[in-house]
Amino acid sequence: MEAEMMVHDAKACIQLVPIFQSLSTKEKAEVATLVRHHHFAAGESLFTAGDAVTSLLIVAHGQVKITQIAANGKEQLLYLLNPGDFDGEAALFKASTRQNFGTALSATDVCLIRREDFQKLLQRSPQLALNILNAFGQRLASVTEQTTRTTTASIEERLAMYLLETAGKNTADFTLPLKKKDIASYLGTTPETISRKFRDFADAGLIKKLAVNRFQILDPDQLALME
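On a predicted model such as this, the values are computed, not experimentally measured, just so you know. (Residues numbered from 1 in each chain as written. Predicted model: local features only at pLDDT ≥ 70, side-chain atom pairs only at ≥ 80, totals over all residues. Heavy atoms only, no water.)

Student: Where do I start with the overall build of the chain in this structure?
Tutor: Scanning the chain from N- to C-terminus turns up nine helices and 13 strands. In the chain, which comprises 227 residues, the proportion classed as buried is 38%. By element, 52% of the accessible surface of the chain is carried by carbon and sulfur atoms, the whole surface being about 12500 Å². (Helix = DSSP H or I, 4+ residues; strand = E, 2+ residues; numbered from the N terminus. Buried < 20%, exposed > 50% of the residue type's maximum accessible area, 1.4 Å probe, protein only. Areas by Shrake-Rupley, 256 points an atom, 1.4 Å probe, with all protein chains shown as cover.)

And the structure:
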């Protein structure tokens, strides 16, 4: 039974990654055989600057913050990885070194695909290699479009997106793992603006504060319209 669950989880992880989604069922099954699972406790480090990037990392459950150390020695939040997000695509094709830090904000399960295993699979299946390269090209085009949308989105849209991604399925009661100053840094604004937008969302009946850093999303559909 446990082995069956691992296979199911591996297939689910593969389905999350855009460069694998256009593959045939047989090809996805082949890639799924490469998946290794790893669990990280809240606060545990996934990787640090200077580490070799040897695997594609897919977040199955939980949330990971990606940070760097600024010139003043303080930690600077770069972005978050939520369920379905992944990091290290390029590692499947080229050796590189981490320039930042990855830390689990909550209990986090990840799927890993090692470059060595992946490249051996490509050597055995030239058609699979061609399909993945085509998918990778489509992925690059889609990332460019997504980046443009994100940079032009309003603070309201970015905050709504952050709240929905952080809550996931737990919209009735979820905890924000980041302080407001970190959320502000992440969204490219000030803590004062974030506090004001939280109040605006609450006044509009979109969210409700339950306790310190604990919230409920009252109207997910309406909040999603802001994205």
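From this point, things continue past the structure.
Student: I would appreciate a short explanation of the nonpolar core in the present structure.
Tutor: Soluble globular proteins: nonpolar side chains tend toward being buried together. Within the largest apolar cluster, 24 residues are counted, with the highest numbers of intra-cluster contacts made by Phe20, Val31, Ile113 and Phe118. For this core, the secondary-structure elements that each account for two or more residues are helix H1 (2-16), helix H2 (18-21), helix H3 (25-32), strand E4 (55-61), strand E10 (108-114), helix H4 (115-124) and helix H5 (126-152). For phenylalanine 118, the residues in contact, after removing those within four places along its chain, are Phe20, Leu34, Leu92, Phe93, Ile113 and Ile132. Core analysis: the next-biggest nonpolar cluster, separate from the first, contains 23 residues, Tyr162, Leu163, Phe174 and Phe215 among them. (Core = buried A, V, L, I, M, F, W, Y, C linked by side-chain atoms within 4.5 Å. Contact = heavy atoms within 4.5 Å.)

Student: When you look at unusual backbone geometry in this model, what are you seeing that I'm missing?
Tutor: Backbone geometry at asparagine 213 places phi at a positive 65°, although glycine is not the residue there. Structurally, the position occupied by asparagine 213 is in the loop between strand E12 (207-211) and strand E13 (214-217).

Student: Where do I start with the pattern of salt bridges in this structure?
Tutor: As a working rule, side chains carrying opposite charge can pair if their charged atoms are close by. Tallying each qualifying case throughout the model produces ten salt bridges. The partner of glutamate 75 in a salt bridge is lysine 65, with the nearest N and O atoms 3.0 Å apart. Here glutamate 75, found in strand E6 (residues 75-81), pairs with lysine 65, found in strand E5 (residues 64-69); they are ten residues apart in sequence, far enough to count as distant. Of the charged contacts, one joins lysine 181 and aspartate 182 as a salt bridge, the two residues approaching to 3.4 Å between their closest N and O atoms. Residue aspartate 182 is classed as partly exposed on the basis of its relative accessible area of 22%. What emerges from the salt-bridge pattern is a single network uniting Arg36, Arg114, Glu116, Asp117 and Lys120. (Salt bridge = Lys/Arg side-chain N within 4 Å of Asp/Glu carboxyl O.)

In short, geometric facts, not functional conclusions.
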